[in-house]
Amino acid sequence: MPSRDSVSYNTVIAGLAGDGSSIKALEVISRMQEDGVEPTEHTHVSALQACSHLLDVRRGREIHGRIVVCGGMGGNLFIRNALTDMSVALKMAGP
């Protein structure tokens, strides 16, 4: 990527998460943070979507905790929906 900012990273991450390439999406999020680019609300939504697809409880809780600590959940309907989707996916997968 020639220009690495939150917009370019979030575009790649959302595309990967939406395409079912959840592991790659989470890898790009890690790379984004290594490059010093802070995750945004859009990043969190895509990360939660990836965790839902992977049924990754540990990482989903980690991301949820980061959202709460950053105060980013507030009135963001997209984050709330992503958290709800993740919770439902994990409950449907069983214990």
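Fair warning: this is a prediction, and the values are worked out from it, not measured in the lab. (Residues numbered from 1 in each chain as written. Predicted model: local features only at pLDDT ≥ 70, side-chain atom pairs only at ≥ 80, totals over all residues. Heavy atoms only, no water.)

Asker: Would you mind showing me how to read the overall build of the protein chain here?
Answerer: Helices and strands together make up the secondary structure of the protein chain, namely five helices and zero strands. For the protein chain, whose C-alpha radius of gyration is 13 Å, the value lies close to the compact-globule estimate of 12 Å for 95 residues. Once the C-alpha set of the protein chain is aligned to its principal axes, its extents read approximately 45 × 30 × 20 Å. Buried positions account for 34% of the 95 residues belonging to the protein chain. Across the protein chain, the centroid of the 9 positively charged side chains sits 5 Å from that of the 10 negatively charged ones. (Helix = DSSP H or I, 4+ residues; strand = E, 2+ residues; numbered from the N terminus. Rg over C-alpha atoms; globule rule 2.2 N^0.38 Å. Buried < 20%, exposed > 50% of the residue type's maximum accessible area, 1.4 Å probe, protein only. Lys, Arg positive; Asp, Glu negative; His and termini not counted. Charge placed at Lys NZ, Arg CZ, Asp CG, Glu CD.)

Asker: What is the right way to read the nonpolar core from this model?
Answerer: Side chains of a nonpolar character, in soluble globular proteins, are inclined to be buried together. Tyr9, Ile13, Ala25, Leu26, Leu48, Ile63 and Met86 are the most contacted members of the largest nonpolar core, which totals 21 residues. Mapped by element, the contributors of at least two residues to this core are helix 1 (6-18), helix 2 (22-34), helix 3 (41-54), helix 4 (57-70) and helix 5 (77-93). (Core = buried A, V, L, I, M, F, W, Y, C linked by side-chain atoms within 4.5 Å.)

Asker: In this structure, what is going on with the side chain of His44? I would like to understand it.
Answerer: With respect to the secondary-structure elements, His44 resides in helix 3. A relative accessible area of 9% places His44 in the buried class.

Asker: Got a minute to help me understand the UniProt feature "repeat: PPR" (unreviewed entry) in the protein chain in this structure?
Answerer: UniProt marks residues 5-39 with the feature "repeat: PPR" (unreviewed entry), using the numbering shown here. Summarising residues 5-39: 74% helix, 0% strand, and an end-to-end C-alpha distance of 10 Å. (UniProt positions renumbered as here; feature names shortened; annotations may be inferred.)

Asker: Explain the pattern of salt bridges here, please?
Answerer: Pairs may arise between side chains of opposite charge once their charged atoms sit close together. Applying the stated criterion across every chain yields a total of four salt bridges. Here Asp35 and Arg31 are joined by a salt bridge, their closest N and O atoms 3.7 Å apart. Judged by relative accessible area, which is 37%, Asp35 ranks as partly exposed. One network of salt bridges, with partners in common, ties together Arg4, Arg31 and Asp35. (Salt bridge = Lys/Arg side-chain N within 4 Å of Asp/Glu carboxyl O.)

Asker: Before we go on, may I ask you to explain the packing of helix 1 against helix 3 in this structure?
Answerer: Between two packed helices, the angle of one axis relative to the other and the distance separating the axes together describe the packing. Between helix 1 and helix 3, the shortest axis-to-axis distance is 9 Å and the interhelical angle comes to 20°. On the basis of their axis angle, the class for helix 1 and helix 3 is roughly parallel. Crossing hand, helix 1 versus helix 3: left-handed. The segment helix 1 lies against helix 3, with Asn10, Ile13, Ala14, Ala17 and Gly18 engaging His42, Thr43, Ser46, Gln49 and His53. (Axes fitted to C-alpha atoms, helices over the stretch in contact; angles between N-to-C directions. Parallel < 35°, antiparallel > 145°, perpendicular 65-115°, else oblique. Left-handed = near helix turned anticlockwise from the far one by under 90°. Contact = heavy atoms within 4.5 Å.)

Asker: I would appreciate a short explanation of helix 1 in the present structure.
Answerer: An α-helical turn contains 3.6 residues, so a residue and the one three or four places further along point in the same direction. Look at helix 1: 17 Å from first C-alpha to last across 13 residues, which is about the 18 Å you get at 1.5 Å a residue. Here the buried face of helix 1 lies against helix 2 and helix 3. Gly20 sits one or two residues past helix 1 and shows a positive phi near 90°. (Expected span 1.5 Å × (residues − 1).)

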